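Chain residues, written in single-letter form:
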Amino acid sequence: MTKLDELREQLNEIDEQFLRLVQKRQALVEEIGQVKQKMGRGTRDFGREKVVIERARGLADDLGLDPDLAAALFRQLIQASLTVQERDRLEQRGTGGGRPVLLIGGAGRMGKWFADFLDAQGYNVTIADPAGSVDGFENVDDWQALDLDDFYMIVVAAPIRATNRVLLELAERAPSGVVLDISSVKEPVRPGLEALVAAGVSTTSVHPMFGPSTELLSGSHVIFIDLGDRQALDAARALFDDTMAAKAEMKLEQHDRAMAFVLGLSHALNIAFGDALAQSGPRAERLDEVSSTTFARQVGVAGEVARENPYLYFEIQAFNPYSDETLAALADSVAHLRETVANGDEEAFVEMMERGREFLTARPEASDGNSG
Ligand SMILES: C=C(O[C@@H]1C=C(C(=O)O)C=C[C@H]1O)C(=O)O
């Protein structure tokens, strides 16, 4: 065995010990989660997290290690703790108590996420999706054939246009349970929601602000649309009570305007970034070799956006009545930037950056500590 092999053997051994310790930590974290549940305490404890990270920094410093490395490592470990504790809490509390929920469109990616989420809480989920069935759940081909009054709740997780059709059909059937949709844009489903309200159905509208690969809801937001039925809204909110997701309430009218920026603008920017790179041809590949920190991060975000469902992303742009305004604002900004550069107008360029800085730094620091 060469010297290099020998040293790597030793390193393998250390890595194994390290992972065994992480496993022990996770096991303790699970136990702590259960104790906190019994005590009626929330999952997340920011004060304790601060202590854990500060302590890790101090210990690292004493050991001659980089405190930033220790802090980054522990932020990652805490993230893992929260994921375990949140999942555990959902399962332990079993808020669903076997109550039946019908998930129309559950075979889509977000539908599947919802099915697992409800299942973890002990709801009895039936999936109705003409696009296919989902293993581990009761699947029906045709929800119209069901007795809808059997369901405590009906969740519509179909593509946006299909969602409106389903909501309109549900309004005709006027089921006794709570009905809600999870569309990313609400204007196209307004007729369906309004028909349900008019039919006296307990209706609300929800928008989970995260993608289907999300495991930990800490740091995520869920929007609830008040359609005048507090009971429906509270039932929808209750689905997220045992998670760390932040809940926000909005009027239907406010939702799409906000989403034109939050989703529309950020998606558009990343799609355009990817497209601009793709169009620059073979040079794009070589760019990797000279990547900067900003470029690497931007490529990371744009790459994540590029992997999302393009049909859903089209819906988010095309069906939001405010999209054109935000896209025009983006186009104006790019045109202005181009002009300042072409004209060598330093003053205008600096002004533009300063305006952005003033806006962006006026926001309070993200307090979830997940940004590392
Ligand atoms: C383990 C706990 O739960 C969470 C996880 C922590 C950790 O991994 O160190 C710290 C604080 C909590 O947000 C705890 O409350 O002690």
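Residues numbered from 1 in each chain as written. Predicted model: local features only at pLDDT ≥ 70, side-chain atom pairs only at ≥ 80, totals over all residues.

As named in an unreviewed UniProt entry, the protein is Prephenate dehydrogenase/arogenate dehydrogenase family protein, taken from Persicimonas caeni.

## Digging into the overall build of the protein
When you go through the protein residue by residue, the secondary structure sums to 13 helices and 8 strands. For the protein, the spread of C-alpha atoms along the three principal axes comes to 75 × 60 × 40 Å. Buried positions account for 27% of the 372 residues belonging to the protein. The contacts in the protein between residues at least 6 apart in sequence include a share of 69% that link residues at least 24 apart. (Helix = DSSP H or I, 4+ residues; strand = E, 2+ residues; numbered from the N terminus. Buried ≥ 20, exposed ≤ 12 C-beta atoms within 10 Å, placed from the backbone. Contact = placed C-beta atoms within 7 Å.)

## Things to note about the environment of Ala198
Among the structural elements, Ala198 can be located in helix H6 (residues 190-198). Look at Ala198 and you get exposed, because 11 C-beta atoms sit within 10 Å. For the pair Ala198 and Asp226, spaced 28 residues apart in the sequence, the C-alpha separation amounts to 15 Å.

## Looking at helix H3 (residues 67-93)
Between its first and last C-alpha, H3 extends 38 Å over 27 residues, near the 39 Å set by a 1.5 Å rise per residue. For H3, the set of buried residues is Phe74, Ile78, Ser81, Leu82, Gln85, Glu86, Arg89 and Leu90. On its buried face, H3 is in contact with helix H1 (3-38), helix H2 (46-62) and helix H4 (109-120). Of the residues one or two after H3, Gly94 is the one with positive phi, at around 50°. (Expected span 1.5 Å × (residues − 1).)

## Some details on the site of the ligand
Taken together, Val29, Ile32, Arg44, Asp45, Arg48, Glu49, Val52, Leu77, Ile78, Ser81, Leu82 and Gln85 are the residues near the ligand. Looking at the shell around the ligand, the elements that each hand over two or more residues are H1, H2 and H3. Among the elements that make up the shell around the ligand, the one with the highest residue count is H3 (5 residues). (Near = placed C-beta within 6 Å.)

## Looking at the sheet that holds strand E3 (residues 138-140)
Two pairing modes exist for strands in a sheet, parallel and antiparallel, and in both the strands are linked by backbone hydrogen bonds. Read across the open sheet, the 8 strands follow the order E3-E2-E1-E4-E5-E6-E7-E8; overall the sheet is mixed. A strand with exactly one partner marks an edge of an open sheet, and here the two such strands are E3 and strand E8 (246-250). Each strand axis lies, on average, 25° off the axis of its neighbour in the sheet, ignoring direction. Across the sheet, helix H5 (residues 160-173) touches strand E1 (100-104), strand E4 (153-156) and strand E5 (178-181), and the angle it forms with E4 is around 155°. (Pairing = 2+ DSSP bridges. Axes fitted to C-alpha atoms, helices over the stretch in contact; angles between N-to-C directions.)

## Concerning the confidence of the model for the protein
Counting all residues, the mean pLDDT for the protein is 93, and 97% of those residues have values of 70 or more. Here residues 366-372 is modelled with pLDDT under 50, and outside its nearest four sequence neighbours on either side it reaches 9 contacts, counting other chains as well. Here the predicted complex carries an ipTM of 0.97, next to a pTM of 0.86. (pLDDT = per-residue confidence, 0-100.)

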